[in-house]
Amino acid sequence: MKCINTELAGVLLFSPQKFIDERGFFMETLRQNVFNDAFTQRDLTVPQLVQENQSRSVKNVLRGLHFQQHFPQGKLIRVSRGCIFDVAVDLRQESSTYGQWIGQQLSDENGYQMWIPKGFAHGFYVLSDVADIIYKCSEYYQADDEQTMAWNDPTLNIQWPIPANVEPIVSRKDNPNINPNMITFGA
Ligand SMILES: Cc1cn([C@H]2C[C@H](O)[C@@H](COP(=O)(O)OP(=O)(O)O[C@H]3O[C@@H](C)C(=O)[C@@H](O)[C@H]3O)O2)c(=O)[nH]c1=O
């Protein structure tokens, strides 16, 4: 498993070694010592991962942007089936990359895992017919602590790879036209 930095401080991309043979493939998806080393080598605190989630989405689904306000979660995200455009937005006011976003394709082909630290909002858009996302979190989910920021927030101006004339499929919570409690970036 290789770990590389991204242009946003603390956002890491893990790239596994894939062993392909006539049966299919094999790869390690978590190895605690490699994971820990990636953080200690960068003088970052090693996160404890306390919850794992899986969701399935169909093409054109967009989930996010989500974050927990008082109990922020770091998230280690991978895709076991299909392909997504995964987005992290830096909401850490003291950060040199505050307000910036990063988008990365994660797929069952590339096997990449994106580490999104605490203090970021997270969302993704599904590019394949179906996508299964598996992600581990460093804090427990707390429904009443969760905040949603509009995926199409004009200040963030995230360049989602949504085809022209396609409306993404969103939950009521993630629909800026329906959810009156949505957070506006910078407000
Ligand atoms: C996230 C989550 C949801 N749920 C429940 C609440 C709800 O009834 C149902 C579906 O929840 P949601 O609609 O919030 O699911 P979803 O929109 O997939 O929420 C997720 O979106 C991505 C972008 C993230 O970053 C995640 O942290 C999480 O916020 O599952 C849990 O029980 N535990 C959890 O950890």
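Residues numbered from 1 in each chain as written. Predicted model: local features only at pLDDT ≥ 70, side-chain atom pairs only at ≥ 80, totals over all residues. Heavy atoms only, no water.

## Some words on the site of the ligand
Okay, step 1: Surveying the vicinity of the ligand reveals the residues Gln51, Asn53, Arg63, His66, Lys75, His122, Gly123, Tyr135, Tyr141, Glu146 and Lys173.
Okay, step 2: In the model, an oxygen atom of the ligand is placed 2.8 Å from a nitrogen or oxygen of the arginine 63 side chain.
Okay, step 3: In this structure, lysine 173 approaches the ligand through a side-chain N or O atom, which is 2.4 Å from an oxygen atom.
Okay, step 4: Of all the secondary-structure elements, those providing two or more residues to the shell around the ligand are strand S5 (51–58), strand S6 (62–68) and strand S11 (120–126).
Okay, step 5: Here the residues of the shell around the ligand are counted per class, giving 2 nonpolar, 5 polar and 4 charged. (Near = heavy atom within 4 Å. Polar contact = N/O pair within 3.5 Å; in protein donor to acceptor, adjacent residues only side chain to side chain. Helix = DSSP H or I, 4+ residues; strand = E, 2+ residues; numbered from the N terminus. Nonpolar A, V, L, I, M, F, W, Y, C, P; charged D, E, K, R; others polar.)

## Points about the packing of aromatic side chains
Okay, step 1: Taken as a whole, this structure holds 6 aromatic pairs when the rule is applied.
Okay, step 2: Residues phenylalanine 35 and tryptophan 115 carry aromatic rings whose centres are separated by 6.2 Å and whose planes lie at 80° to one another, so their mutual orientation is edge-to-face. Of this pair, phenylalanine 35 sits in helix H1 (residues 32–40) while tryptophan 115 sits in strand S10 (residues 113–116), and the two are 80 residues apart along the sequence.
Okay, step 3: Classification of phenylalanine 35 by relative accessible area gives buried; the value is 3%.
Okay, step 4: Among the residues examined, tryptophan 115 registers a relative accessible area of 4% and is labelled buried.
Okay, step 5: Ring centres of tyrosine 98 and phenylalanine 185 lie 5.2 Å apart, and the angle between their planes is 40°; this geometry places the pair in the tilted category. Of the two residues, tyrosine 98 is situated in the loop between strand S8 (83–90) and strand S9 (101–107) and phenylalanine 185 in the segment after strand S13 (146–148); the sequence distance between them amounts to 87 residues. (Phe/Tyr/Trp six-rings, centres within 6.5 Å; stacked < 30°, edge-to-face > 60°. Buried < 20%, exposed > 50% of the residue type's maximum accessible area, 1.4 Å probe, protein only.)

## Describing the sheet that holds S11
The strands making up a sheet are joined through hydrogen bonds of the backbone, oriented either antiparallel or parallel.
Okay, step 1: Taken in spatial order, the 5 strands line up as S9-S8-S11-S6-S13 in an open sheet, and their pairing is antiparallel. Strand pairing shows two members of the sheet lacking a second neighbour, S9 and S13, which therefore form its edges. If you compare each strand with its neighbour and ignore which way they point, the axes differ by 25° on average.
Okay, step 2: Across 7 bridges, S8 lies against S11 in antiparallel orientation. Paired with aspartate 86 across the two strands is phenylalanine 124, which belongs to S11. (Pairing = 2+ DSSP bridges. Axes fitted to C-alpha atoms, helices over the stretch in contact; angles between N-to-C directions.)

## Considerations on the side chain of arginine 92
Okay, step 1: With respect to the secondary-structure elements, arginine 92 resides in the loop between S8 and S9.
Okay, step 2: Using a relative accessible area of 17% as the deciding quantity, one classes arginine 92 as buried.
Okay, step 3: Of the polar contacts made by the side chain of arginine 92, one reaches the side chain of aspartate 90; its length is 2.9 Å.
Okay, step 4: Discounting residues that sit within four places of it in the chain, arginine 92 has contacts with Ala9, Thr97, Tyr98, Pro117, Lys118, Gly119 and Phe120. (Contact = heavy atoms within 4.5 Å.)

## Examining the environment of valine 11
Okay, step 1: Within the secondary structure, valine 11 sits in the loop between strand S1 (2–5) and strand S2 (12–15).
Okay, step 2: Owing to a relative accessible area of 1%, valine 11 belongs among the buried residues under this scheme.
Okay, step 3: With 153 residues separating them in the primary sequence, valine 11 and alanine 164 have C-alpha atoms 29 Å apart.
Okay, step 4: Here valine 11 is in contact with Ile4, Asn5, Thr6, Ile102, Met114, Trp115, Pro117 and Phe120, once residues within four sequence places are set aside.

## Examining unusual backbone geometry
Okay, step 1: The linkage connecting glycine 64 with the following residue, leucine 65, adopts the cis geometry, with an omega of 0°.
Okay, step 2: As for its position among the elements, leucine 65 is in strand S6.
Okay, step 3: Non-glycine residue asparagine 157 carries a positive phi angle of around 50°.
Okay, step 4: Structurally, asparagine 157 can be placed in the segment after S13.
Okay, step 5: Since its relative accessible area comes to 47%, asparagine 157 is described here as partly exposed.
Okay, step 6: You will see that asparagine 165, though not glycine, has its phi angle at about 70°, which is positive.
Okay, step 7: Tracing the sequence through the fold places asparagine 165 in the segment after S13.

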